[in-house]
There are 2 protein chains.
Amino acid sequence: MNLNDLQTPVLLLDRTRLMANLSRMGDKATAHGVALRPHLKTAKSADIGRLATAGQPGGITVSTLREAAYFLAQGFTDITYAVGIAAGKLDRVAALQRDGARIAILTDNADVARGIAARAKAAGDRFEVLIEIDTGDHRAGVAPDSPALMHIAEILTGAAGVTLRGVLTHAGHSYNCTTADEIAAVAEAERTGAVQAAERLRAAGHACPVVSVGSTPTAVHARDLTGVTEMRPGVYMFNDVFQASIGACAMDDIALSVLATVIGHYPNRGEILTDAGGLALSKDRSTAAGPRDVGYGLAVGLDGAKLPEMHVVRVSQEHGVIAAAPGAGALPFASLPPGSRLRILPNHACMTAAAYDCYQVLEGNRVAATWPRVNGW
Amino acid sequence: MNLNDLQTPVLLLDRTRLMANLSRMGDKATAHGVALRPHLKTAKSADIGRLATAGQPGGITVSTLREAAYFLAQGFTDITYAVGIAAGKLDRVAALQRDGARIAILTDNADVARGIAARAKAAGDRFEVLIEIDTGDHRAGVAPDSPALMHIAEILTGAAGVTLRGVLTHAGHSYNCTTADEIAAVAEAERTGAVQAAERLRAAGHACPVVSVGSTPTAVHARDLTGVTEMRPGVYMFNDVFQASIGACAMDDIALSVLATVIGHYPNRGEILTDAGGLALSKDRSTAAGPRDVGYGLAVGLDGAKLPEMHVVRVSQEHGVIAAAPGAGALPFASLPPGSRLRILPNHACMTAAAYDCYQVLEGNRVAATWPRVNGW
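To keep things clear, this report deals only with the structure shown in the data block. (Residues numbered from 1 in each chain as written. Chains lettered and ligands numbered in written order. Predicted model: local features only at pLDDT ≥ 70, side-chain atom pairs only at ≥ 80, totals over all residues. Heavy atoms only, no water.)

### Let's talk about the side chain of Asn239(B)
All names here are of chain B.
Item 1. In this fold, asparagine 239 is placed in the loop between strand 9 (230-231) and helix 9 (241-245).
Item 2. Assessed through its relative accessible area of 3%, asparagine 239 is described here as buried.
Item 3. Leaving out residues up to four positions away in the same chain, asparagine 239 has contacts with Asn21, Thr216, Cys249, Asp253, Ile254 and Ala349. (Helix = DSSP H or I, 4+ residues; strand = E, 2+ residues; numbered from the N terminus. Buried < 20%, exposed > 50% of the residue type's maximum accessible area, 1.4 Å probe, protein only. Contact = heavy atoms within 4.5 Å.)

Right, here's the structure in full:
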């Protein structure tokens with residue numbers, strides 16, 4: 001099967017680029033002497049998880065308990081659930097552990113820590129917990145120098161059936177950078193914050209074996225990870241236009257795209273219409289604030305066809321309007337007749353991939369495999 | 001089962017509000033003397049499709065061929081596929097027709113029309129085709145007064161096995177309005193453009209039994225639909241904050257919400273964190289340009305709890321940061337402890353619902369049913 005046999009819109013994954021991306025990040029981890037615990041929230045695929053953990057300790061990161069259950073069923077047992085837990089989710093965590101998983105859960109909240117302790121005591125389950133540290137992203141986490149850090153640690157270590165496993169941080173503010181130097185500075189803040197938190201815990205007599213950091217930009221541009229034990233990047237497997245725009249990858253490293261079909265021509269306004277709209281691409285506009293705003297995606301030809309730069313300038317649910325980028329010249333309508341196909345590189349691979357239940361895995365233009373994804377919660 | 005037994009994030013549908021929304025739109029269609037051919041791209045549910053077509057001729061509108069196949073399997077045979085067709089999709093259309101569907105396909109392109117004619121001739125299939133008219137939205141369609149309209153009609157009516165069924169338009173630019181009067185003006189432009197196109201076709205001797213219009217705002221605010229035969233609104237079933245912001249519904253008409261759990265407290269910056277992020281809510285920002293920007297959704301309490309107005313101000317994949325609306329006062333942290341739940345009303349119901357494989361259907365706070373959805377392509 002090749003690209004013209006597929007029904008559109010459909011999600012394509014270039015195996016060669018995927019493997020190169022995985023290899024490059026594996027090398028980064030090795031060079032820094034840290035474990036790579038890949039975040040599988042982007043890929044949500046056991047096929048990719050197996051490739052991403054090759055040569056690594058085998059632990060993975062997930063963003064939902066449905067992912068945890070799926071990956072456990074596929075043989076992954078060492079799982080970090082890197083979104084703050086709520087007491088109402090502990091039953092599912094305990095059930096997965098009874099089925100063979102070792103799950104690290106996460107919190108930055110003393111009330112939640114007390115809830116974990118109470119649940120462990122009441123039901124006799126064991127929970128391993130990471131404390132989330134805010135190293136500048138201000139999404140979640142306690143400050144490395146905060147009293148709250150020590151307070152949460154004391155609740156956890158004082159509770160029967162609960163193990164404090166360490167600290168975890170995510171420097172999501174690396175996404176606001178525009179240069180490698182800026183990202184490297186965020187990576188250093190991520191490292192020093194996590195290590196400071198770990199050292200405070202250890203100084204107070206707590207074990208803190210895990211010091212976990214991670215975002216794709218900081219994993220790519222970190223210069224020193226002394227004191228860190230693992231990193232958890234995720235989107236590096238696929239990359240996207242946004243990652244390229246901040247220098248976390250090259251455009252040629254983008255492994256994911258959406259195959260779309262041309263369904264309309266509007267030469268009077270310089271636009272073509274495709275069947276890849278807001279659901280097929282997501283409404284992510286992360287390139288909007290950056291140096292290269294591609295709308296809802298960057299459209300490219302098949303087979304390396306030379307075309308002017310084209311952006312998805314408007315979307316509705318199942319419609320995507322494509323125009324030439326400003327200054328790129330006229331759209332080549334004759335090269336893109338109705339029924340012809342384009343590939344659209346996503347702004348944000350995690351969001352785009354989530355609309356699909358599988359990947360069509362390409363070797364060149366041949367569909368070599370179909371890999372399922374696990375979506376939802 | 002009630003709201004506290006559900007795992008979050010999860011999609012809730014208030015049955016009472018749904019039924020009121022369906023009834024109100026049915027009454028509109030009756031008052032105008034047109035058929036209601038509900039667009040099921042929003043609901044993607046046979047349970048809802050059966051309710052939405054009650055008392056109507058029974059025809060439905062879909063946005064994907066996967067929806068067409070699903071609804072056919074559920075007993076819906078009269079289907080309009082209201083996204084421009086490509087020749088490469090005709091095999092699937094023909095297969096659905098052999099299975100009992102009567103599908104109206106859509107184009108605004110002479111090359112596509114020739115492709116339909118060629119496919120009908122080569123394989124002996126029959127296709128019924130609507131010509132898409134641009135009544136001001138400038139997404140797709142030929143102008144009502146264009147030579148292209150007549151040219152496409154001639155290709156279709158001259159082809160063996162092809163029937164020209166009529167014209168179809170979608171006044172998506174009603175979404176740019178801010179008052180009922182503005183929407184009524186767009187509705188009138190939608191009507192006059194579609195009717196003008198139909199009359200030109202009839203004057204040239206073509207049959208044109210179908211004159212199809214539709215968007216939720218224009219369906220709500222149209223004052224006269226003379227000459228129109230059917231309307232195809234979709235989001236009216238659920239409504240959303242955006243529809244309320246342009247006056248297409250009241251806030252109390254919003255039937256869809258996402259149930260989320262509080263997982264973090266950040267009093268120093270006046271924010272709480274929930275487990276409903278960019279995937280659970282979508283990244284739709286359609287309220288951004290309007291008079292009431294609620295971020296990625298409007299958070300409300302359970303059980304009618306009185307809380308200040310709260311917006312989802314930032315999202316990442318599985319995290320949603322909630323803050324009080326400007327001027328609404330302080331977030332009531334004590335009323336929203338970790339583990340407590342909120343409902344989030346979506347900006348754009350079509351986009352938000354697409355992340356879920358089912359609805360939890362509520363009667364009051366009790367889960368009365370679970371209705372599956374059909375996603376993907």
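### Let's talk about the pattern of salt bridges
Item 1. In the structure shown here, the tally under the stated rule is 52 salt bridges over all chains.
Item 2. The closest approach of N and O atoms between Asp284(A) and Lys283(B), which form a salt bridge, is 2.8 Å. Pair noted here: Asp284(A) is in the loop between helix 10 (278-281) and strand 12 (298-300) and Lys283(B) is in the loop between helix 10 (278-281) and strand 12 (298-300), and the two residues belong to different chains.
Item 3. What makes Asp284(A) buried here is its relative accessible area of 2%.
Item 4. Using a relative accessible area of 15% as the deciding quantity, one classes Lys283(B) as buried.
Item 5. Among the salt bridges present, the one from Arg98(B) reaches Asp125(B), with a minimum N-O distance of 3.5 Å. Residue Arg98(B) is located in helix 4 (residues 90-98), and its partner Asp125(B) is located in the loop between helix 5 (110-123) and strand 6 (127-133); the two are separated by 27 residues in the primary sequence.
Item 6. Owing to a relative accessible area of 12%, Asp125(B) belongs among the buried residues under this scheme. (Salt bridge = Lys/Arg side-chain N within 4 Å of Asp/Glu carboxyl O.)

### Some words on the nonpolar core
Item 1. Counting residues in each nonpolar core, the largest one holds 111 residues, and the members touching the most others are Met237(A), Phe238(A) and Tyr359(A).
Item 2. In contact with Phe238(A), other than residues within four places in its own chain, are Leu13(A), Leu18(A), Asn21(A), Thr42(A), Ala43(A), Ile48(A), Asp253(A), Ile254(A), Ala255(A), Leu256(A), Ala349(A) and Tyr359(A).
Item 3. Within the second largest apolar cluster, 110 residues are counted, among which are Ala110(B), Phe127(B), Ile131(B) and Val195(B). (Core = buried A, V, L, I, M, F, W, Y, C linked by side-chain atoms within 4.5 Å.)

### What to know about the environment of Thr42(A)
Residues and elements named next belong to chain A.
Item 1. Here threonine 42 is to be found in the loop between strand 2 (35-36) and helix 2 (46-53).
Item 2. For threonine 42, a relative accessible area of 0% corresponds to the buried category.
Item 3. Taking the C-alpha atoms as reference points, threonine 42 and threonine 61, separated by 19 residues in sequence, lie 10 Å from one another.
Item 4. With near-sequence residues (within four places) excluded, threonine 42 lies in contact with Gly234, Val235, Phe238, Ala349, Cys350, Ala353, Tyr359 and Arg373.

### A look at the relation of the copies chain A and chain B
Item 1. Aligned on chain B, chain A shows an RMSD of 0.0 Å; the corresponding rotation is 180 degrees and the shift along the axis is 0.0 Å. Here the symmetry operator amounts to a two-fold rotation axis. It is Lys283(A) whose C-alpha, among those of chain A, lies nearest the rotation axis, at 2.6 Å.
Item 2. A symmetric contact is evident, with 100% of the interface residues of chain A recurring at the interface of chain B. (Least-squares fit on C-alpha atoms with pLDDT ≥ 70 in both.)

### Comments concerning the interface of chain A and chain B
Item 1. Listed as interface residues are 55 residues of chain A and, on the opposing side, 55 residues of chain B.
Item 2. Summing both sides of the interface, chain A and chain B together bury roughly 4300 Å²; the carbon and sulfur share of this comes to 54%.
Item 3. Its largest share of buried area at the contact with chain B, chain A owes to Arg139(A), Gln317(A) and Trp377(A), together 18% of the area lost on that side.
Item 4. For the pair chain A and chain B, the number of links is eight salt bridges.
Item 5. Measuring nitrogen to oxygen at the nearest pair gives 3.6 Å for the salt bridge that ties Arg66(B) to Asp357(A).
Item 6. There are 26 residue pairs in polar contact (both at pLDDT 80 or more) connecting chain A and chain B. (Buried area = accessible area lost by both parts, 1.4 Å probe. Polar contact = N/O pair within 3.5 Å; in protein donor to acceptor, adjacent residues only side chain to side chain.)

### A look at the packing of aromatic side chains
Item 1. Tallying each qualifying case throughout the model produces ten aromatic pairs over all chains.
Item 2. Taking 5.5 Å as the distance between ring centres and 65 degrees as the angle between the ring planes, the aromatic pair formed by Phe238(A) and Tyr359(A) counts as edge-to-face. Here the residue Phe238(A) occupies a position in the loop between strand 9 (230-231) and helix 9 (241-245), and Tyr359(A) occupies one in strand 16 (residues 358-363), the gap between them amounting to 121 residues.
Item 3. Residue classification places Phe238(A) among the buried positions, given a relative accessible area of 0%.
Item 4. Judged by relative accessible area, which is 0%, Tyr359(A) ranks as buried.
Item 5. Clustering of aromatic rings is evident, with ring pairs tying together Tyr70(A), Phe71(A) and Phe76(A).
Item 6. Lying over the aromatic face of Tyr296(B), Arg285(B) brings its terminal NZ or CZ to 5.4 Å of the ring centre. (Phe/Tyr/Trp six-rings, centres within 6.5 Å; stacked < 30°, edge-to-face > 60°. Lys NZ or Arg CZ within 6 Å of the ring centre and 35° of its normal.)

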